[in-house]
Amino acid sequence: MHGTLEMSGPPILDVRGLCVGIWSGKTELSAVADVSFRAYSGQVVALVGESGAGKSITAMSLTHLLPMPPIKITAGEIRLSGRDMQTQSPKQIRDIRGNEVGIVFQEPMTALNPSLRIWRQIAEPLVRHRRMSWSAAKAQAIYLLKKVRIPDAETKAEAYPHQLSGGMRQRVMVAIAISCEPRLIIADEPTTALDVTVQAQILTLLTDLTRGLGGALLLITHDLGVVARYADWVNVMYAGRIVGPIAHRLESIAGQPPAPSDGTGGCAFAPRCPRRTERCDERPPLSGDERTRNGHLFACWNPL
């Protein structure tokens, strides 16, 4: 992990010891275990890792967007602007979503309602959370379309999602996410299936808008190139836990990440690691010592 921005004041998001379980019959499988990280004002924080590492489950648990049951937060603490999210009622959580927390989902074609015009989908959170009239909310929706750099915003506002390109649909998702000027934006793989040029445009837009609002951006991705360019603080996830990269080039290893049902008690990398020793049957803590640089941490008994 590395930090490039000075962290001042209390964090906008403070996650401590988060554990999420999945019930399969009478058996609880661990999907996320002892995850802790923070996001401060003006900061882009990344959760990066392979598919199945627990990134999206971690992100969606922050505003209780997971189906509960069979998925349940079993331990830990989530604080948003100092408030304990675990003590909020369902109504309070709904009031927080879209208002204090904006979410950019992975696939805009399924996240957007195909039967509603673009302006109405942007206007809905403004009517709900800001008590705007529909006419005022429509005017604000057009302004937001311009803000996310959609050309001919007045015409595009009247369109349906299928009439827009993938890049424009993703910009609409960004407009919805920032409509109520949230303190935290969660972007879950926001550039999937977009070409490289559009990816860069969307990520630059998200970063600029988040910092302009004085908020924080939680970026969920598996793309290390995206992380290297945009993230101020990086949390690498593997098998439901945060592990840390060391300060030089990381080499790939054979094999696949373990499933929650594998029940690995020791280091989750051990079954596929060429440096495995008997001590790896015990789970290593996330820590650092004289072998680390630039604030990097690692979870390994035998680091290079």
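Above: the structure in question.
A brief report on the enclosed structure follows. (Residues numbered from 1 in each chain as written. Predicted model: local features only at pLDDT ≥ 70, side-chain atom pairs only at ≥ 80, totals over all residues. Heavy atoms only, no water.)

### Quick word on the packing of aromatic side chains
For step 1, the next point in the chain: The full count for this structure, using the stated rule, is 2 aromatic pairs.
For step 2, the next point in the chain: Measuring from centroid to centroid gives 6.2 Å for W119 and W134, while their planes differ by 80°, and the two rings are edge-to-face. Separated by 15 residues along the polypeptide, W119 in helix 4 (residues 118-130) and W134 in helix 5 (residues 134-147) bring together distant segments of the chain.
For step 3, the next point in the chain: Take W134: its relative accessible area is 33%, and that puts it in the partly exposed class.
For step 4, the next point in the chain: A centroid spacing of 3.7 Å and a plane angle of 10° characterise the contact between Y238 and F269, whose relative ring orientation is stacked. With Y238 in strand 9 (residues 233-238) and F269 in the segment after strand 10 (241-243), this residue pair connects regions lying 31 residues apart in the sequence.
For step 5, the next point in the chain: In this structure, R120 is placed above the aromatic ring of W134, and the distance from its NZ or CZ to the ring centre is 4.1 Å.
For step 6, the next point in the chain: Its end group placed over the ring of W119, K138 keeps NZ or CZ at 5.0 Å from the ring centre. (Phe/Tyr/Trp six-rings, centres within 6.5 Å; stacked < 30°, edge-to-face > 60°. Helix = DSSP H or I, 4+ residues; strand = E, 2+ residues; numbered from the N terminus. Buried < 20%, exposed > 50% of the residue type's maximum accessible area, 1.4 Å probe, protein only. Lys NZ or Arg CZ within 6 Å of the ring centre and 35° of its normal.)

### Remarks on the nonpolar core
For step 1, the next point in the chain: With 40 residues, the main nonpolar core has V104, I122, L145, V148, V172, V174 and L206 as its most contacted residues.
For step 2, the next point in the chain: For this core, the secondary structure elements donating two or more residues are helix 4, helix 5, helix 6 (153-157), helix 7 (166-178), strand 7 (184-188), helix 8 (196-212), strand 8 (216-221) and helix 9 (224-230).
For step 3, the next point in the chain: Top contributing element to this core by residue count: helix 7, with 7 residues.
For step 4, the next point in the chain: Once residues lying within four places of it in the same chain are set aside, the contact partners of V148 are R171, V174, A175, I178, L205 and L209.
For step 5, the next point in the chain: Counting 32 residues, the second largest nonpolar core, distinct from the first, contains A39, A59, M60 and L218. (Core = buried A, V, L, I, M, F, W, Y, C linked by side-chain atoms within 4.5 Å. Contact = heavy atoms within 4.5 Å.)

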